[in-house]
Amino acid sequence: MDMNLYVAEWLVRERLAQAREAGARSARLNAAMAERRPVRVRLGMALVSLGRRLQGGGARGAEALAAESS
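Residues numbered from 1 in each chain as written. Predicted model: local features only at pLDDT ≥ 70, side-chain atom pairs only at ≥ 80, totals over all residues. Heavy atoms only, no water.

Caption draft 1: The arrangement of the overall build of the chain in detail. Each helix and strand in the chain was counted, giving 3 helices and 0 strands. If you list the helices and strands of the chain from N to C, you get α-α-α. For the chain, buried positions account for 0% of its 70 residues. Carbon and sulfur atoms provide 59% of the accessible area of the chain, an area that totals close to 6,800 Å². (Helix = DSSP H or I, 4+ residues; strand = E, 2+ residues; numbered from the N terminus. Buried < 20%, exposed > 50% of the residue type's maximum accessible area, 1.4 Å probe, protein only. Areas by Shrake-Rupley, 256 points an atom, 1.4 Å probe, with all protein chains shown as cover.)

Caption draft 2: Spotlight on helix α2 (residues 39-55). Taking 1.5 Å per residue as the helical rise, α2 with its 17 residues ought to reach 24 Å, and the 24 Å between its terminal C-alpha atoms agrees with that figure. A positive phi of about 95° marks Gly56, the residue just after α2. (Expected span 1.5 Å × (residues − 1).)

Caption draft 3: Here's a closer look at the confidence of the model for the chain. In the predicted model, the chain carries a mean pLDDT of 83, and 77% of its residues have values of at least 70. Taken element by element, the predicted model of the chain shows its lowest mean pLDDT in helix α3 (residues 62-69) (62) and its highest in α2 (92). (pLDDT = per-residue confidence, 0-100.)

Caption draft 4: Focus on a nonpolar patch on the surface. Taken together, Met3, Tyr6, Val7, Trp10 and Leu11 make up a surface patch of nonpolar side chains, about 530 Å² in accessible area. For Leu11, the position within the fold is in helix α1 (residues 5-35). According to the relative accessible area criterion, Leu11 is partly exposed, its value standing at 32%. (Patch = residues over 30% accessible without salt bridge, like charges linked within 9 Å, V, L, I, M, F, W, Y side chains within 5 Å. Salt bridge = Lys/Arg side-chain N within 4 Å of Asp/Glu carboxyl O.)

Caption draft 5: Layout of the pattern of salt bridges. Counted under the stated rule, the structure contains 1 salt bridge. Between Arg13 and Glu9 there is a salt bridge whose closest N-O contact spans 2.6 Å. Placement of both Arg13 and Glu9 in helix α1 is noted, with a separation of 4 residues, approximately one turn of the helix. Exposure remark for Arg13: the relative accessible area of 55% places this residue in the exposed category.

Here you go:
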């Protein structure tokens, strides 16, 4: 069977366009899901922040804690 090259090229372009659309849709979905944090994580971060404020010290980085312990 002999296939017309024009038809084959058209089919390849259509499938490539569909694959690009699916990839873009997947990337948007992953980006949207990555931005959301579970409620327990947000609550935990808020409690840590509140605890630091009540303690009176500012936010301390890991370097400051490592220097104190050594």
